[in-house]
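Understanding the architecture of this molecule
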Amino acid sequence: MHANEKSGATPANQTRIDIFQHHIRNIDLIYLKYNGPAYTWSNKRDGKDLVLEHLVCCLGNVDWCAFS
């Protein structure tokens, strides 16, 4: 969802992020906040080869959010 959800190696692809966000808005989904570690995945390498990413993405629509 956001470029800051990746750290290390090559930067996040902003074009792909923009396309994903466009589709999320287009089908009226809401990005639900996540409360936990900033990064949920690691390639478990050291130094400059370390890549961290936030892979948790929760989405819901207005009806679902009102129900829960």
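Refer to the structure printed above.
Below, the structure is looked at part by part. (Residues numbered from 1 in each chain as written. Predicted model: local features only at pLDDT ≥ 70, side-chain atom pairs only at ≥ 80, totals over all residues. Heavy atoms only, no water.)

Quick word on helix α1 (residues 14–26)
Keep this limit in mind: Secondary structure elements are defined from DSSP: runs of H or I of at least 4 residues count as helices, runs of E of at least 2 residues count as strands, and each element is numbered from the N terminus. To estimate how far a helix should extend, the number of its residues minus one is multiplied by 1.5 Å. To sort residues, take the accessible area from a 1.4 Å probe on protein chains only and compare it with the maximum for the residue type: under 20% means buried, over 50% means exposed, and anything in between is partly exposed. Along the arc lie the directions from the helix axis toward the C-beta atoms. Two residues form a contact once any of their heavy atoms are found within 4.5 Å.
The end-to-end C-alpha distance of α1 is 18 Å, a good match for the 18 Å that 13 residues give at a rise of 1.5 Å each. The set of residues buried in α1 consists of I17, Q21 and I24. End-on view of α1: buried residues confined to an arc of 60 degrees, all on one side of the axis. For α1, the exposed residues set more than 90 degrees away from the buried face come down to T15, R16 and N26. Where α1 is buried, its residues contact β5 (58–60). Immediately beyond the C-terminal end of α1, within one or two residues, lies D28, with a positive phi of roughly 60 degrees.

Keep in mind that these numbers describe shape and distance, not what the molecule does.
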